[in-house]
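So the chains spell out like this:
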Amino acid sequence: MSIPNHILEQLNSQADLISIIGRHTTLKRAGSEFKGCCPFHGEKSPSFYVNPQKNIYHCFGCSVGGNAISFLRDYENLTFIEAVNELSKQTGIEVPKEEQQNVSYQRRAPKPIAPPSIPSPTINAKSPAQTINAPSINATSAIQQQNQYGNTDQPVYHDSSNGYDEYPPLDAYDSAPYPEDSYGADYQDDNSYPPAWLIGGDTDAAALYDDHSASDKDGNLYELLEQIQQFYQHNLTTHPHAKHYFLSRGITEDIFETFGLGYAPFGWQHLEHQFPQDIEGLKALGLVRQSESGRDYDLLRDRVIFPIRDNQGRTIGFGGRALDDEVKPKYINSSDSPVFHKQHVLYGYYESRQQRADSWLVVEGYMDVIALYQAGIYGAIASMGTAINESQISRLLTLNPTLTLSFDGDSAGQKAAWRTLEVALPVLADDKELRFLTLPNNHDPDTFIKSQGGDAMREQIANAMPLSQYIFAYLSERYDLTLAEGKAKLMSQVRALTTALPKGSSFRYLLNNDVYQKLGGKRSQNIEAKDALLDFDGDMTISQQLQLCFLFQPRALIEDPIEAIWQQAGINDLQLPAHIKQKAAPDILRPLAWEDLQDIALLDIVSTIKRCLNHLPKDANAAAHFILSNVKPITQETLSRSWGGFYKTLIGRNILSLDELIENLVMQLLKLHLQKKMQELIKNPDHIKLAIVRKQSQLLNDWLRAQQAEQSAQMVTVKS
């Protein structure tokens, strides 16, 4: 059986070589490499290295080396076909049964093509970009003559010194003698890349085609894609409006070169005009399609271009974005082809590896990847319009045991995050971690960096939500946790999720137990909230703690906590002897009010919240800032210094309710107030008032003890 060369290249490139070899020997990170004792010969001092960028291994002791296929053949004793099939299962890359499918195509002599004409000013420029009907020749735009491009060499893997003794030079990998037949008889490297016409002297487009016009020579899809990428990139210099689009999005010109950004001009057949001998290749790549009437047309028109690269840096496809947001679809990716399989490619992976990225962030769009890269945050990648798959997640977790997912906060973004969570669970071993980042105020990474800067983005990534907290937060919004039925449904879904974790996972038990404790009611939340306050600042006064709690949960003032406690403790129905009632002043028996506590800052917060309750945003952080903007300057200054840290502490612990903590803090304030009042009445005797205050204090303490006894009984019930 003959396997096409490009399929073998893809299998070796996408294989998780670290995991494959890691089944047989312990590999430890050594700079940008992985190092361990050679599995092929016994040794005590490790001299076996795996290069994850090139996805090859080499032992500097016994000189064995190769790639994923050769390791499976030489160490696990698989046949060539068995090794290929094993990698096909692991990567999801299908091995075609048709032997003729490969990266070659028949080049043909160019057909006479009428010169492209300028579109009439009366033609609607949007309509051709939104229809797939066969265009008329009059609808094509003028195509700029292609200038000569200089050759851009493929990036070379350079080692950065990390102070490792006897660290092998990276060129040793290239000089290592790997047998040519180790991949199968039909596997050969193509040394003609890049195409010769790209590195010639100055000449015009016609002369360039003369240099490579031999129709009896087959074309190569990789070479053609590189030529198309150079053509698109050059168009940025001749179409200022396209270049302006990137500049207006904050992209600098050096990033144009790094990511090979370009522009596909308006016109139905610009690729056919530019590459007249390569129509078969263009169709194989899906960049030229045929309408119902039989006319060929270009897939990407009047769109800025994002070249898509494989793990080796070769262009394998293109993403195109409309310049006008009203044009639908906004993004178009080139079709799957013999060299491009969307479900196995991550945009930005190659560029991140070039920067030795050591942490990874999954984002939704090309612009997010580029914005993060430009801000110096390397490791951002995006899938090709399809959900990231299990093998891709496994590979990223091999490179770093923590993987962060950043999806939009809208319904579609959170559904995508949840699907990714479900896909990741089977490969989430106990030493791996998944974290979730939802940026505030509906930002995506691109807009957040423009608004807040790179350092703020790094802080957001560092504080991303752990998987356990995300699961509870996500599901608690979908079930009514005030009902036993809602809690049962949530717990059932968590148990179903955890069955997908790897066999023997400790995280399965811990996650189930954690969610069970969170569903234990106010008691569990109250303990978490108290711990959060202690972790945040144990030196804060009770009043300051209560003010921050009201900022976090202003709805707690919908029903006044003092009035609620006064009523539940029975102080409203205070039973007094007749002679005391007769002598007592009328106002002494009224319920206590916030004004009586004589705390200016607390009264400012409470009165402001009550005044603004109907106008507060739903987001807790946004509501807090709204309240702070309406309090007195001195209150605002004091609380603003503490709010950010307090909010992050509560969110980090996934605390959803402060009801019981607020009740507890208010009770403490009331006790202190009544004690202070009794001390004043003892110093300045007023026996009638003192008797009333003592009775109020006694009722409050009795009620508090009853509350504590009830909580203790609940705790015993839960444990049993």
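As the structure is a prediction and not an experimental result, all values here were calculated from the model.

Conventions adopted
- Residues numbered from 1 in each chain as written.
- Predicted model: local features only at pLDDT ≥ 70, side-chain atom pairs only at ≥ 80, totals over all residues.
- Heavy atoms only, no water.
- Pairing = 2+ DSSP bridges.
- Helix = DSSP H or I, 4+ residues; strand = E, 2+ residues; numbered from the N terminus.
- Axes fitted to C-alpha atoms, helices over the stretch in contact; angles between N-to-C directions.
- Contact = heavy atoms within 4.5 Å.
- Buried < 20%, exposed > 50% of the residue type's maximum accessible area, 1.4 Å probe, protein only.
- Core = buried A, V, L, I, M, F, W, Y, C linked by side-chain atoms within 4.5 Å.
- pLDDT = per-residue confidence, 0-100.
- Arc of directions from axis to C-beta.
- Polar contact = N/O pair within 3.5 Å; in protein donor to acceptor, adjacent residues only side chain to side chain.
- Right-handed = clockwise from strand over helix to strand, strands pointing away.
- Left-handed = near helix turned anticlockwise from the far one by under 90°.
- Nonpolar A, V, L, I, M, F, W, Y, C, P; charged D, E, K, R; others polar.

Overall, antiparallel pairing links the four strands, which are arranged E8-E11-E12-E13 in an open sheet. The open sheet has two edge strands with one neighbour each: strand E8 (262–264) and strand E13 (331–333). Geometrically, the sheet is characterised by an average inter-axis angle of 35° between neighbouring strands, direction not taken into account. Alignment of strand E12 (residues 315–322) against E13, held across three bridges, turns out to be antiparallel. Looking across to E13, one finds that Gly319 is bridged to Asn333. The strands touched by helix H9 (residues 240–248) within the sheet are E8, strand E11 (303–309) and E12, with E11 carrying the most contacts at an inclination of about 65°. Where helix H14 (residues 366–374) meets the sheet, its contacts fall on E11, E12 and E13, and the angle it forms with E11 comes to roughly 75°.

Turning to the pairing of strand E3 (residues 48–51), a few remarks are in order. Of the two faces of E3, the one carrying Phe48 and Val50 and the one carrying Tyr49 and Asn51 are both buried. Sheet topology note: the strand E2 (residues 33–36)/E3 ladder contains three bridges and is antiparallel. Bridge pairing in E3 links Gly36 to Phe48. Both E3 and strand E4 (residues 56–59) contribute to a ladder of four bridges, which runs antiparallel. When the sheet's bridge partners are listed, Val50 is paired in E4 with Tyr57. In sequence, E3 turns back onto E4 through a hairpin of four residues, with Asn55 there showing a positive phi of about 60°.

Moving on, we come to the nonpolar core. Residues Ile228, Leu261 and Tyr347 are the most contacted members of the largest nonpolar core, which totals 59 residues. Ranked by residue count, the leading element in this core is helix H8 (residues 221–238), at eight residues. In this structure, Leu261 is in contact with Gln233, Leu236, Phe246, Ile251, Ile255, Phe256, Ile305, Phe306, Pro307, Tyr347 and Ile370, ignoring residues within four places of it in sequence.

When pLDDT is averaged along the chain, the result is 78, and 77% of the positions lie at 70 or above. Across residues 173–214 the pLDDT falls below 50, and counting only partners more than four positions away or on other chains, this stretch makes 78 contacts in the model.

Omega for the bond connecting Lys328 with Pro329 falls within 30 degrees of zero, at -5°, which places this linkage in the cis form. Residue placement: Pro329 occurs in the loop between E12 and E13. Phi at Arg356 takes a positive value of approximately 55°, unusual for a residue other than glycine. Mapped onto the elements, Arg356 comes out in the loop between helix H13 (349–354) and strand E15 (360–363).

This part is about H9. Among the residues making up H9, those that are buried are Ala242, Tyr245 and Phe246. Seen from one end, H9 has its buried residues packed into an arc of 90°, which puts them on one side. Along H9, the residues that are exposed and aim more than 90 degrees away from the buried face are Pro240 and His244. Here the buried face of H9 lies against H8, helix H10 (253–259), E8, E11 and E12. Immediately beyond the C-terminal end of H9, within one or two residues, lies Gly250, with a positive phi of roughly 85°.

Picture the strands of a sheet paired through backbone hydrogen bonds; they go either parallel or antiparallel. Read from one edge to the other, the open sheet built from five strands follows the order E1-E2-E3-E4-E5, with strand pairing classed as antiparallel. Edge strands, defined here as strands with exactly one partner in the open sheet, are strand E1 (28–30) and strand E5 (65–66).

For Thr638, the location among the structural elements is in helix H28 (residues 633–652). Along the backbone, Thr638 and Ala601 are 37 residues apart, and their C-alpha atoms lie at a distance of 9.3 Å. Polar contacts involving the side chain of Thr638 include one to the main-chain carbonyl oxygen of Ile634, which spans 2.9 Å.

Turning our eyes to something else, we now look at the pairing of E15. The alternating pattern of E15 places Trp360 and Val362 on one face and Leu361 and Val363 on the opposite face, and all of these are buried. Pairing analysis gives three bridges linking E15 to strand E17 (residues 402–406), with the strands arranged parallel. Paired with Val362 across the two strands is Leu405, which belongs to E17. Handedness of the β-α-β unit built from E15, H14 and strand E16 (residues 380–383) comes out right-handed.

In this section: the packing of helix H23 (residues 542–552) against H28. Where H23 contacts H28, the axes come no closer than 10 Å and their chain directions differ by 65°. As H23 packs across H28, the resulting crossing turns out to be right-handed. Two secondary-structure elements touch here, H23 through Gln547, Leu548, Cys549, Leu551 and Phe552 and H28 through Leu639, Ser642, Trp643, Phe646, Tyr647, Leu650 and Ile651. Taken together, the residues that form the contact of H23 with H28 break down as ten nonpolar, two polar and no charged.

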